[in-house]
Amino acid sequence: MSEGKPKGFTIWMTGLPGSGKSTLAGVLRKRFEDSGRFVEILDGDEIRKGLSRDLGLSKEDREEHARRVSYLAKVLSRNGVISIVALISPYKTSRDGARELIGKDKFAEVYVKASLLTCEKRDPKGLYAKARRGEITNMTGIQDPYEIPAAPDVTIDTEKGTPEESADLLIDELETLGFL
Ligand SMILES: Nc1ncnc2c1ncn2[C@@H]1O[C@H](COP(=O)(O)OP(=O)(O)OP(=O)(O)O)[C@@H](O)[C@H]1O
Ligand SMILES: [Mg+2]
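The following paragraphs examine the structure supplied in this document. The model shown is predicted, which means the values in this text are computed figures rather than measured ones.

Some remarks on the overall build of the protein chain
Next, step 1: When its secondary structure is counted, the protein chain shows seven helices and five strands.
Next, step 2: Ordered by position from the N terminus, the helices and strands of the protein chain form the series β-α-β-α-α-β-α-β-α-α-β-α.
Next, step 3: Taken across its 180 residues, the protein chain has 43% of its residues classed as buried.
Next, step 4: A separation threshold of at least 6 residues defines the contact pool for the protein chain, and within that pool the share at least 24 residues apart is 74%.
Next, step 5: Total accessible area on the protein chain stands at roughly 9,400 Å², and carbon and sulfur atoms take up 52% of it.
Next, step 6: Side chains of the protein chain carry 29 positive and 30 negative charges; the gap between the two charge centres is 3 Å.

Listed below in structure tokens is the structure:
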């Protein structure tokens, strides 16, 4: 009992739709669980079906969505869990708010980087095509802004290498930063 519980923290992955946040979250979950850690993925899409189902895609609603996710990440992280957030979180204010709420010793902002061109080519959910056809009007990267993180703790370029390789790089960086 002397070792106490492992330190929880939040991996806050921000990036354009299709940049690879959810894919990376899945790979990371497996890695951490295999090493005996408790993990929770807070994926924007899933949370929009539940806790944030009353919210839309306006700037105010996206910020409120991020605020709720920040709160969840905070309560999990303070109890030894690794919270993996996969959220577009396009606004700097939201990401800074999350860092503030969760605490900077427990928070790693990870910019999941891929160009708009690449994300649009991947288009895993067909949303870019819909946005180009005008069937949706709030698509981040097309009609809505994405504020690129100016000073993320880690940047993972998903145009280079497989999701497994990206997860390796991210875990290395988290070790270097002292989270693991
Ligand atoms: N190194 C990599 N890391 C992550 N994803 C990659 C990588 N290389 C290619 N991909 C591919 O990019 C796509 C990323 O889709 P994913 O759903 O993870 O994006 P997302 O950031 O969660 O998007 P959204 O914000 O719309 O939920 C997948 O098809 C994945 O296979
Ligand atoms: Mg996703």
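Once you've had a look at it, read on.
Things to note about the packing of helix α1 (residues 21–34) against helix α7 (residues 163–176)
Next, step 1: In contact at an axis separation of 9 Å, α1 and α7 are set at 60 degrees when each is read in the N-to-C sense. Along this stretch, α1 crosses α7, giving a crossing that reads as right-handed. Contacts from Thr23, Leu24, Val27, Leu28, Arg31 and Phe32 in α1 reach Pro163, Glu164, Ser166, Ala167, Asp168, Leu170, Ile171 and Leu174 in α7.

Details of the site of ligand 1
Next, step 1: As a structural note, the neighbourhood of ligand 1 is formed by 18 residues, with Gly18, Lys21, Thr23, Lys125 and Ser166 the closest of them.
Next, step 2: At 2.7 Å from an oxygen atom of ligand 1 is found a side-chain nitrogen or oxygen belonging to Lys21.
Next, step 3: A distance of 2.9 Å is found between an oxygen atom of ligand 1 and a side-chain nitrogen or oxygen belonging to Ser22.
Next, step 4: Protein chains bury 80% of the 650 Å² of accessible surface belonging to ligand 1 in isolation.
Next, step 5: The pocket occupied by ligand 1, as judged from atoms lying within 2 Å of grid points, is the largest pocket.
Next, step 6: Breaking the shell around ligand 1 down by element, the ones donating at least two residues are α1 and α7.

Comments concerning the layout of surface pockets
Next, step 1: Here the largest pocket is characterised by a volume of approximately 670 Å³.
Next, step 2: Looking at the largest pocket, it is lined by 32 residues, and the ones nearest its centre are Pro17, Asp45, Ile88, Lys125 and Leu127.

Some words on the pairing of strand β2 (residues 39–43)
Next, step 1: In terms of burial, β2 is largely enclosed, as four of its five residues are buried.
Next, step 2: The pairing of β2 with strand β3 (residues 82–86) spans five bridges and is classified as parallel. In the sheet register, Ile41 faces β3, and the bridge partner there is Ile84.

Describing the nonpolar core
Next, step 1: Counting 23 residues, the largest nonpolar core has Ile11, Met13, Leu28, Phe32, Ile84 and Leu170 as its most contacted members.
Next, step 2: Only β1 (9–14), α1, β2, β3, β4 (107–113), β5 (154–157) and α7 provide two or more residues apiece to this core.
Next, step 3: Top contributing element to this core by residue count: α1, with five residues.
Next, step 4: In contact with Ile11, not counting residues within four places along its chain, are Leu28, Phe32, Ile82, Ser83, Ile84, Val85, Ala108, Val110, Leu170 and Leu174.
Next, step 5: Grouped together as the second largest cluster of nonpolar side chains are eleven residues, Trp12, Ile47, Ala66 and Ala73 included.

How each quantity is defined
Residues numbered from 1 in each chain as written. Chains lettered and ligands numbered in written order. Predicted model: local features only at pLDDT ≥ 70, side-chain atom pairs only at ≥ 80, totals over all residues. Heavy atoms only, no water. Helix = DSSP H or I, 4+ residues; strand = E, 2+ residues; numbered from the N terminus. Buried < 20%, exposed > 50% of the residue type's maximum accessible area, 1.4 Å probe, protein only. Contact = heavy atoms within 4.5 Å. Areas by Shrake-Rupley, 256 points an atom, 1.4 Å probe, with all protein chains shown as cover. Lys, Arg positive; Asp, Glu negative; His and termini not counted. Charge placed at Lys NZ, Arg CZ, Asp CG, Glu CD. Axes fitted to C-alpha atoms, helices over the stretch in contact; angles between N-to-C directions. Left-handed = near helix turned anticlockwise from the far one by under 90°. Near = heavy atom within 4 Å. Polar contact = N/O pair within 3.5 Å; in protein donor to acceptor, adjacent residues only side chain to side chain. 1 Å grid on protein atoms, 1.4 Å probe; cavity = no way out; pocket = protein on both sides within 12 Å on 5 of 7 lines; lining within 4 Å. Sits in = over half its atoms within 2 Å of the grid points. Points joined across faces, edges and corners; volume = space filled by probe spheres on them. Pairing = 2+ DSSP bridges. Core = buried A, V, L, I, M, F, W, Y, C linked by side-chain atoms within 4.5 Å.

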